[in-house]
There are 2 protein chains.
Amino acid sequence: MREVAVIGIGQTPIREEWEKSLRLLAGEAVLASLADAGMQRADGIFVGNMIGGSANNQQHLGAYIADWVGLRYSEAVHLETACSSGAAAFRAALIAVASGELDSAIAVGVEKMTDSPGSEITTALATAADANWETDQGLSFVVLNALLMKRYMHEHGWTHEDFAPFSINAHANGVHNPNARFRKAITLEAYTKAALIADPINLMDASPMGDGAAAALLVPADSVPHDARYPVIRVAASAAATDALAVHDRKDPLWLTAAEKSAQQAYQQATLTPKDIDLFELHDAFSIMATLSLEATGFAERGQGPRLALDGEIRPSGRIPIATRGGLKARGHPIGATGMYQIVEVIQQLRGDCGQTQVENARVGMAQNIGGSGSNIITHIFKAG
Amino acid sequence: MREVAVIGIGQTPIREEWEKSLRLLAGEAVLASLADAGMQRADGIFVGNMIGGSANNQQHLGAYIADWVGLRYSEAVHLETACSSGAAAFRAALIAVASGELDSAIAVGVEKMTDSPGSEITTALATAADANWETDQGLSFVVLNALLMKRYMHEHGWTHEDFAPFSINAHANGVHNPNARFRKAITLEAYTKAALIADPINLMDASPMGDGAAAALLVPADSVPHDARYPVIRVAASAAATDALAVHDRKDPLWLTAAEKSAQQAYQQATLTPKDIDLFELHDAFSIMATLSLEATGFAERGQGPRLALDGEIRPSGRIPIATRGGLKARGHPIGATGMYQIVEVIQQLRGDCGQTQVENARVGMAQNIGGSGSNIITHIFKAG
């Protein structure tokens, strides 16, 4: 397969969008990615979205968005893998271009959550868990993550306060991201005193919902025109793996096997190891997921994720910077769009466009998007130059 | 890209399935396709489904189904393009194998519609139309198709009775398909006297919903083991095209431009013309869609689809047999599964396994799956031997 480069990116600020439909949001991100690349159109569009069918009464997002952005008659499909739908869309666009099936493709993630009743959104999000074996028993996502966090604290001897650096780092970085949902730093006290949601998870452990869209334009690397502004950003690896949908059915609920498998495949494709990765946009939907991700992908020993955070190694200046634009926690987590925000942010870092949270000499960046409580995990690695 | 063959197929009977979840239905079809090929597993699974999120409280169907069929840890994604979700899943599986990204893949379409309240299903199906410009104005699918049929009759001078052969042929063929929802022949009188749904569409113009799953197993053609039972069935072409989602926004509502474009691309890929196609599983969700499909794909002149049917040319012995296993009208139309039923049926024909509705010397078969009222259309051509 041929090498692929990302030559355009676009995103909308994550916030409450009462005046814009899914179509308008996605359109803004897509048109921005085309403008960024100086292109008028692409051969196909791949849309990541999870709850449009119930929250916005709109499925069929391929055709819905394609026509709006001037791509009527183009191939257009909608991919869904719960919270990793964005990365699934990117991976489909990537394979289409890498294989030669298309000569250019746009991947866009979009979600619009805030103008539906909260109960409807909770019901819609619960469809990412196992309807037969989890949801029907009353398990929601936050409860599943609370059970994991409690067990993790018990197994490895950490206190709730030990997780504070994940949230503090994310919020500190989000301050400098104009597209972040929350642009306010938080203190250790704010973290420890936040309202409890599901013991031990409190409001500062959980990522906020939001409305937003992010897009990227992919073309064969050998067709990239010279752009004096930026180095060429190549896709160095793409891998996806699943695990049992129901958490209770996994061999070890505290080990994200799908994260490990997709990351290992990605490292192998790119001929890299964790120490070659300059920054890692991971899926910190909850603090516990940030910890488990760092361990499964080889950045921390088992049970030692909080140590990395407590030592300051996850900050932009640390050994493995995460959530450099605010992460899910502060940038926000518009479900089906999140994976595309992660990818767009990695590309911003590799372009050197991240101002105060720029990772120095960033050349290799990784994005990992998690669907469900660890059941569908997609890893991408990007290289500059 | 490398050539791909379909070496295993599986399907469940389309009916009301009160005892089986989406997982069980999809699992039956997938495991049947593996058994048919004598294989234990595949590298990835691509799921076509439209309304699982609302009708069955289950999204995230990739991981949901992968684990169940023994493919835990494999790549697994869900694709959605409304009523053409099945073909979208097949096309994604095809590109994954053709490109070398995977060495084997399963495409499965599944839908479970009958144990939800009818009003919920109507609402869920309406998400295939344009929420902003159609659904919010009260337009349902049957109404959109009724407007098209009425205009078509006016423009081209046909009466309602002239469409009867589409329904009569589908039901006559469905009698011999053990998996068909309706296995009962109908008369001209039954057609003309059927209850009106939305003038001029009556119950015999409309395809029935149902629960079901159909699957196919794809591998590189050069890896196919010798199977004395069947010729090798190769995928000769695959193409997808969209059109404006809202019907009023198309240049000509009576011409399926996306059907024409995807068929033309497919003919070109396979170096074939319509006269080389031995049978055509088209998307007869409504009689008017069968007519428009035949015209847009080059089997009938504009406005002359009913003539082909009245002349008997759409029967298994005719010039271009359609709905050879009952079509959407009699086999049934479990939305996200339909595209995969069409493909499985084409393969049954090319294997010579269709008994009384076998098309003689069938060597080249085409399947075309329509999403929305003509807004996302995917065409596949298969060749035997």
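Residue positions are given per chain, counted from 1 along the sequence in the order it is written. Key to labels: chains lettered from A, ligands numbered from 1, both in the order written. Restriction of local features to residues with pLDDT of at least 70 applies here, the model being predicted, together with a cutoff of 80 or more for giving and counting side-chain atom pairs; totals for whole chains, interfaces and linings are based on all residues.

## Considerations on the pairing of strand β2 (residues 44-48) of chain A
All names here are of chain A. Most of β2 sits inside the fold, with five of its five residues counted as buried. In this scheme the burial state of a residue depends on its C-beta neighbours within 10 Å: 20 or more other such atoms mean buried, 12 or fewer mean exposed, and anything in between means partly exposed; the C-beta positions come from the backbone. Runs of E in the DSSP output that reach at least two residues are strands. Runs of H or I that reach at least four are helices, and both are numbered from the N terminus. By the alternation rule, side chains of β2 split into Gly44, Phe46 and Gly48 and Ile45 and Val47, which are all buried. Relative to strand β3 (residues 75-80), β2 runs parallel, the two being bridged by five bridges. Directly across from Gly44, in β3, lies its bridge partner Glu75. Note on pairing: two strands pair once DSSP finds at least 2 bridges between them. For β2 and strand β4 (residues 105-111), the ladder comprises five bridges, and the chain directions are parallel. In the sheet register, Ile45 faces β4, and the bridge partner there is Ile106.

## A look at the nonpolar core
In terms of nonpolar packing, the biggest core is built from 283 residues, with A:Val108 and B:Val108 touching the most fellow members. In this description, any two residues whose backbone-derived C-beta atoms lie within 7 Å of each other are considered to be in contact. Beyond its immediate sequence surroundings of up to four residues, B:Val108 is in contact with B:Ala26, B:Ala29, B:Val30, B:Ile45, B:Val47, B:Ile65, B:Ala89, B:Ala213, B:Ala215 and B:Met340. To form a nonpolar core, buried Ala, Val, Leu, Ile, Met, Phe, Trp, Tyr and Cys residues must be joined through C-beta atoms within 7 Å.

## Quick word on the domain arrangement of chain A
Think of interface size as the accessible area that goes away when the parts come together; that is how it is often given. Residue and element names in this part refer to chain A. Segment limits for the domains were obtained from an automatic or database-derived domain assignment. As far as domains go, chain A holds domain 1 (4-117 + 210-223) and domain 2 (128-207 + 239-380). A C-alpha centroid distance of 23 Å is found between domain 1 and domain 2. Taken together, the contact pairs 34 residues of domain 1 with 29 residues of domain 2. Secondary structure elements with two or more residues in the side of domain 1 that touches domain 2: β1 (4-11), α4 (85-98), β4 and β7 (212-220).

## Topic: the interface of chain B and chain A
Tallying the contact residues gives 55 residues for chain B and 55 residues for chain A. Of the residues contributing to the side of chain B that touches chain A, the split by class is 23 nonpolar, 23 polar and nine charged. Where β3(A) lies against strand β3 (residues 75-80) of chain B, three bridges are found, and the strand directions are antiparallel. Along β3(B), the bridge assignment pairs A:Leu79 with B:Leu79. For this scheme, ten residues count as nonpolar: Ala, Val, Leu, Ile, Met, Phe, Trp, Tyr, Cys and Pro. Four count as charged, namely Asp, Glu, Lys and Arg, and the remainder, Gly too, count as polar.

## Points about the relation of the copies chain B and chain A
Between the two copies, chain B and chain A, the superposition gives an RMSD of 0.0 Å; the rotation angle is 180° and the shift along the axis is 0.0 Å. Read as a symmetry element, the transformation amounts to a two-fold axis. A symmetric contact is evident, with 100% of the interface residues of chain B recurring at the interface of chain A. Only residues with pLDDT of at least 70 in both copies contribute their C-alpha atoms to the least-squares superposition of the copies.

## Brief notes about helix α13 (residues 335-351) of chain B
Along an α-helix, residues three or four apart share an orientation, since each turn contains 3.6 residues. Residues and elements named next belong to chain B. Across its 17 residues, α13 extends 25 Å between first and last C-alpha, which sits within 8% of the 24 Å expected from 1.5 Å per residue. For α13, a buried count of 16 out of 17 residues is recorded, marking the element as mostly surrounded by other parts of the structure. Gly352 occupies a position one or two residues after α13 and carries a positive phi of about 75°. The span you would expect from a helix comes to 1.5 Å times its residue count less one.

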